[in-house]
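# Notes for the structure review
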Amino acid sequence: MPSFMSDQGDDLADCVLRFSELDLKDTALVNPSSRLKAELDGSTKKKYPFAKKKAFALFVQTKEVPSTFECEEKRWRCCQQLFRDQTDIHRHVATQHADEICHQTASVLKQLAVALSSSESLQSADKRSLLDEYLPHDHEVSAWLPDISCFSPDELIGGQSTEEGKVLLYYCYCDLEDPNWICAWQRALCRRLHLTGKVRIATEGINGTVGGSKLATRLYVEVMLSFPLFKDYLCKDDFKTSKGGAHCFPELRVGVFEEIVPMGISPSKISYKKPGEFHKEVEKFLSLTNQEESDTIILDCRNFYESKIGRFQGCLAPDIRKFSYFPSYVDKNLELFKEKRVLMYCTGGIRCERGSAYLRAKEVCKEVFQLKGGIHKYLEEFPDGFYKGKLFVFDERYALSYNNDIVSECSYCGVQWDQYKLCSTPRCRQLVLSCSACQGQGFTACCVTCQDKGNRQALSPTQNNFKEECECTARRPRIPCELSLQARFGVKPEPGPDGGEDEQLLM
């Protein structure tokens with residue numbers, strides 16, 4: 001797409017007004033009249049210095065004496081005087097022709113306004129033409145689907161086992177004027193390649209997690225990297241990969257949403273720490289004798305059930321159930337972040353983009369950084385680094401293992417355990433950490449309330465219209481308030497009267 005001037009000042013005007021090269025460094029420009037200033041709106045005032053300079057140059061140019069010979073020095077004639085020095089003619093014009101310069105400045109500003117209007121119209125038309133060329137509105141998405149005629153179905157569908165298949169995780173912030181077309185194209189692309197998973201599309205970009213064979217995921221990446229709207233934003237390293245396949249997701253879900261991450265905050269300029277840099281920061285923090293006096297906070301932006309089975313040592317892991325609660329969590333615990341250097345991390349990086357934007361907007365932190373590429377990229381470089389435990393993933397695998405550390409325990413007996421299962425009670429979507437021994441004793445629900453509810457259902461299968469209740473969610477504050485000592489070093493509060501698992505998930 002042709003690129004019009006990003007700076008609507010000098011570059012734009014240079015396209016409209018062509019002047020001989022004049023040295024204006026020593027020009028003493030006359031101040032504009034108060035009447036002209038008063039007539040300018042805010043947008044026009046920004047262009048005024050440039051317009052004034054051009055008007056002055058144009059006026060001086062009209063006073064130049066035509067040269068008889070090429071080597072002859074420039075001369076200017078004005079008010080029946082001959083000027084051989086550029087500084088002298090500039091001084092004369094500035095002091096004797098203020099009214100003419102003011103009038104000429106107004107004329108230049110008018111030309112700029114007309115040119116800018118034309119530029120914006122052309123730019124808009126050009127953008128529409130790009131969409132018309134690449135994204136036809138009759139939904140002919142086939143033009144952007146890969147040719148798979150040279151592959152057999154077995155090659156595309158086969159190799160879907162955990163060891164042979166792959167799961168891709170990626171996101172891309174970019175302007176998508178027609179997210180519905182992108183949605184239709186993504187759905188057709190994934191179906192052609194026999195991929196399952198979730199793809200979330202909005203006008204601000206795309207966020208996807210898809211699984212399939214190695215061949216299918218490779219073709220998917222190639223198509224994404226060559227697609228006109230993404231090729232300038234995505235690179236191969238933006239696709240995080242792990243062992244898996246189409247079996248990791250029950251179906252394919254592609255949809256258009258308001259945001260590619262449900263939070264309500266627009267991303268802004270982000271400061272990144274590469275995995276190696278982040279590793280050194282954590283190492284430095286953990287080496288401190290008095291970590292409570294450090295100005296650094298290592299902040300886990302994920303949900304509590306993610307950080308429960310794996311996290312960075314020394315991190316602050318908020319006990320929140322949804323990422324959409326993160327802004328409220330920051331607001332409620334703002335004092336904790338004052339004058340701190342915050343190092344944020346999440347699974348792949350996308351939640352940190354939003355979280356760091358919100359935290360930075362509060363203007364209380366010294367600095368806010370995020371782990372580039374998220375935990376995925378860190379573990380690729382440092383599988384035995386400072387991240388301990390498993391990496392939670394939002395598919396039927398629940399977790400990926402990069403090291404042998406177990407940082408969580410069975411909710412019933414307390415033995416080390418990190419393998420999640422869904423609560424056995426229908427319509428309860430809580431994840432349960434119940435070891436093999438406890439499962440053998442029938443402890444398969446997330447809490448005593450759900451366990452009892454499940455037993456009652458087993459005795460009365462037709463009784464299914466009772467109110468949803470869960471001890472786990474009822475006892476957990478929606479937005480926890482951290483105490484600084486607990487928040488930084490995992491000091492557990494006294495258990496409640498029910499002796500439940502309500503302690504802070506702060507490590």
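For the structure itself, consult the block above.
The structure contained in this document is the topic of the report that follows. Note that the coordinates shown come from a computational prediction; the quantities given were computed from them, not determined experimentally.

Here we take up the overall build of the protein. Counting secondary structure elements, the protein contains 18 helices and 17 strands. Each of the 507 residues in the protein was classed as buried or not, and the buried ones make up 47%. In the protein, the share of contacts with a sequence separation of at least 24, taken over all contacts with a separation of at least 6, comes to 70%. Looking at the protein as shown, the accessible area adds up to about 26,500 Å², and 49% of this sits on carbon and sulfur atoms.

Here the focus is the packing of aromatic side chains. Counting across every chain of the model gives 23 aromatic pairs. Here a set of aromatic residues connected by ring pairs shows up, and it is made of F278, F312, Y345, Y378, F382 and Y387. Over the ring of F369 we find K273, and its NZ or CZ is 4.4 Å from the ring centre.

Bringing helix α13 (residues 350-361) into the picture now. Relative to the 16 Å expected for 12 residues at 1.5 Å per residue, α13 spans 17 Å between its end C-alpha atoms, a close match to the ideal helical length. Residues of α13 that are buried: I350, R351, C352, E353, R354, G355, S356, A357, Y358 and L359. At the C-terminal side of α13, E363 shows a positive phi close to 55°.

Okay, the sheet that holds strand β7 (residues 252-256) next. Strand pairs in the sheet, formed through backbone hydrogen bonds, run parallel or antiparallel to each other. Here we have 5 strands laid out as an open sheet, ordered β6-β3-β5-β4-β7, and mixed in their pairing. A strand with exactly one partner marks an edge of an open sheet, and here the two such strands are β6 (240-244) and β7. Taking each pair of neighbouring strands and ignoring which way they run, the sheet shows an average axis angle of 10°. In this structure, strand β4 (residues 196-202) lies alongside strand β5 (residues 205-213), joined through 7 bridges in antiparallel fashion. By the bridge assignment, K198 is partnered in β5 with T209. In the packing of helix α7 (residues 179-192) onto the sheet, the strands contacted are β3 (165-173), β4, β5 and β7, and the crossing angle to β7 comes to about 170°.

Here we take up the packing of α7 against helix α8 (residues 214-226). The packing of two helices is summarised by the inter-axis angle and the distance between the axes. Across the interface, α7 lies against α8 with an axial gap of 10 Å and an inter-helix angle of 150°. In terms of orientation, α7 lies roughly antiparallel with respect to α8. Between α7 and α8 lies a crossing whose hand is right-handed. Between α7, through W185, Q186, L189 and C190, and α8, the contact on the second element is made entirely by Y220, V223 and M224. For the contact of α7 with α8, the residue count by class is 6 nonpolar, 1 polar and no charged.

Remark: helix α9 (residues 275-286) packs on helix α14 (residues 374-381), axes separated minimally by 9 Å, with the N-to-C direction vectors making an angle of 85°. Taken together, the axes of α9 and α14 lie roughly perpendicular to each other. Note on element contacts: α14 touches α9 through K377, Y378 and E381, opposite P275, G276 and H279. The class makeup of the residues in the contact of α9 with α14 is 2 nonpolar, 2 polar and 2 charged.

Spatial ordering of the open sheet is given by β8-β12-β11-β9, a layout of 4 strands whose pairing is parallel. Unpaired on one side and paired on the other, β8 (272-273) and β9 (296-300) mark the two borders of the sheet. Where strand β11 (residues 341-345) meets strand β12 (residues 367-371), 4 bridges bridge the pair, whose relative direction is parallel. Residue M344 lies in a different strand from β12, and its bridge partner there is Q370.

Calculation criteria
- Residues numbered from 1 in each chain as written.
- Predicted model: local features only at pLDDT ≥ 70, side-chain atom pairs only at ≥ 80, totals over all residues.
- Heavy atoms only, no water.
- Helix = DSSP H or I, 4+ residues; strand = E, 2+ residues; numbered from the N terminus.
- Buried < 20%, exposed > 50% of the residue type's maximum accessible area, 1.4 Å probe, protein only.
- Contact = heavy atoms within 4.5 Å.
- Areas by Shrake-Rupley, 256 points an atom, 1.4 Å probe, with all protein chains shown as cover.
- Phe/Tyr/Trp six-rings, centres within 6.5 Å; stacked < 30°, edge-to-face > 60°.
- Lys NZ or Arg CZ within 6 Å of the ring centre and 35° of its normal.
- Expected span 1.5 Å × (residues − 1).
- Pairing = 2+ DSSP bridges.
- Axes fitted to C-alpha atoms, helices over the stretch in contact; angles between N-to-C directions.
- Parallel < 35°, antiparallel > 145°, perpendicular 65-115°, else oblique.
- Left-handed = near helix turned anticlockwise from the far one by under 90°.
- Nonpolar A, V, L, I, M, F, W, Y, C, P; charged D, E, K, R; others polar.

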